[in-house]
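Examination of the molecular architecture
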Amino acid sequence: MQLQQLRYFLAVAETCHFTRAAETVRVAQPSLSQQVRALERELGAELFHRTRGNIALTDAGAALLPLARRIVADTESARLAVQETVQLRRGRVRLGAPPSLCTSLVPDVLRVFRDRYPGVALGVREGGSRDLVELLAAGELDLALVITPAGGEGPPDPAVTELLHEELVLVSAGRPARRKARVAELEGRPLVMFREGYDVREATLAACREAGFEPEFAVEGGEMDAVLGFVRAGLGPAVVPGMVAARSGLAVTPFAAPGLGRTIAVAHGPELRPTRAAEALRDTLLAHLRDAARAGELPPGTRLLL
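Residue numbers restart at each chain and count upward from 1, following the sequence in its written direction. Local features in this predicted model are restricted to residues of pLDDT 70 or higher, and side-chain atom pairs are both shown and tallied only at a pLDDT of 80 or more, whereas totals for entire chains, interfaces and linings draw on every residue. Values shown for side chains rest on all heavy atoms present in the structure; no hydrogens or waters enter the calculation.

This part covers the packing of aromatic side chains. Each aromatic ring pair is specified by the distance between its two centres and by the angle formed by the two planes. Working definition: rings of Phe, Tyr and Trp (its six-membered ring) pair if their centres are within 6.5 Å, and the pair is stacked with planes under 30 degrees apart, edge-to-face with planes over 60 apart, and tilted otherwise. Using the criterion set out here, one finds 4 aromatic pairs in the structure. A ring pair is formed by F9 and F48, whose centres lie 5.4 Å apart and whose planes are at 45 degrees; its orientation type is tilted. On the criterion of sequence distance, the pair formed by F9 in helix α1 (residues 3–15) and F48 in strand β1 (residues 48–51) is long-range, its members being 39 residues apart. Each member of the pair F9 and F48 is classed as buried. Consider the rings of F194 and Y198, whose centres lie 4.7 Å apart with planes at 15 degrees: the pair is stacked. Burial classification: accessible surface area is computed with a 1.4 Å probe over protein chains only, and a residue below 20% of its type maximum counts as buried, one above 50% as exposed, and the rest as partly exposed. Taking relative accessible area as the criterion, Y198 reaches 4% and is therefore assigned buried. By the ring-pair criterion, three or more aromatic residues cluster together here, those being F9, F18 and F48. Starting at the N terminus, helices and strands are each numbered in turn, a helix being any DSSP run of H or I of at least four residues and a strand any DSSP run of E of at least two.

The next thing to look at is the pairing of strand β6 (residues 159–172). A pair of strands is considered paired only if DSSP assigns at least 2 bridges between the two. Examined bridge by bridge, β6 and strand β11 (residues 260–268) share 9 bridges and lie antiparallel to one another. Each bridged residue has a counterpart across the sheet, and for L168 the counterpart in β11 is L260. Where β6 lies against strand β12 (residues 303–304), 2 bridges are found, and the strand directions are antiparallel. Pairing of H165 across the sheet is with R303, part of β12. Note: β6 against strand β9 (residues 238–241), 4 bridges, orientation antiparallel. Bridge pairing links L168 to P241 in β9. By the bridge criterion, 3 bridges tie β6 to strand β10 (residues 251–253) in an arrangement that is antiparallel. Residue pairing for β10: S172 is matched across the bridge by A251.

Bringing the nonpolar core into the picture now. Counting residues in each nonpolar core, the largest one holds 30 residues, and the members touching the most others are L101, L105, L145, L163, L281 and L285. Looking at this core, the elements that each hand over two or more residues are β3 (91–97), α5 (99–102), α6 (105–116), β5 (143–148), β6, β11 and α11 (276–294). Ranked by residue count, the leading element in this core is α11, at 8 residues. Should any heavy atoms of two residues lie within 4.5 Å, those residues are counted as being in contact. Excluding residues that lie within four positions of it along the chain, L163 makes contacts with L145, I264, A265, V266, L285, L286, L289, R303, L304, L305 and L306. Throughout, nonpolar core names a set of buried Ala, Val, Leu, Ile, Met, Phe, Trp, Tyr and Cys residues whose side chains join them through atoms within 4.5 Å. In this structure, L168, A181, V200 and C208 belong to the second largest nonpolar core, which totals 28 residues.

Before going further, it helps to spend a moment on the UniProt feature "domain: HTH lysR-type" (unreviewed entry) in the protein chain. UniProt positions are given in the numbering used here, feature names are shortened, and annotations may be inferred rather than shown by experiment. Sites flagged by UniProt as "domain: HTH lysR-type" (unreviewed entry) map to residues 1–58. A distance of 18 Å separates the end C-alpha atoms of residues 1–58, which is 62% helix and 14% strand.

Between A257 and the following residue, P258, the backbone shows a cis peptide bond with an omega angle of 5 degrees. In this structure, C16 is a non-glycine residue whose phi angle is positive, near 55 degrees. Within the secondary structure, C16 sits in the loop between α1 and α2 (18–25). Relative accessible area serves as the criterion here: at 41%, C16 is assigned to the partly exposed category. Unusually for a residue other than glycine, R26 sits at a positive phi of about 60 degrees. Note on placement: R26 falls in the loop between α2 and α3 (29–43).

Structural data, given as structure tokens:
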């Protein structure tokens, strides 16, 4: 049974005339009659009483009629749904990002994307880069912003495009220092520290250990908003990403060369081509960063890698 045959059957049933039905579906009448006959052979029953000047449904035809209408209607709905998805009038995209980017870069990008594609559903998953890479590989995310390398030696598993190199800076509740800070100056100075799983935490610990000391914590275990709140309350300084610091309202002190930094990349699953919606979100992200770089709106020390 072919969809085209069902359409021809419906045309005859609605016009009660083979010639008019052929004109309706824009096909030669002999071809239409042949296809209806083939459908009858497939079903093992005649669908029409054929008398000169009178075409009427048989009982078998009457039984098929509502089902054929439903099949054709569902097919049209499926076609329209696919077209709307391809044209981004509908769809879904699932984005993963570290918490630090969810409070800095991601909101601006999603706002632009939402304005442009209001019918596309957006989902955001926060997590560390290692966890996000695993979610991409499992097909639970379409795109992810990750810090490279993602928790280990070498590049992360998914295909990645490096976007930005971002400085890590020191934020505090007081006035910013007149000179750049050195990592060694953090020794003996209690820090506000993120919970385990934050890439910034791992980078800070690694820098302090490379400088020959274990950092002290005034308080640890916070998420991004909590860490900034603890700093504002005067509990101590914290090392945070430059894009976060630029929005924090806190005093910002960069580190002296070679400084602390991280590379941000956008990744998709290694085996699956991104969906049309995911590609559109990726394009929106890249365009947003290029526009910000041209306008000089990237925070100091943040360098575009595209």
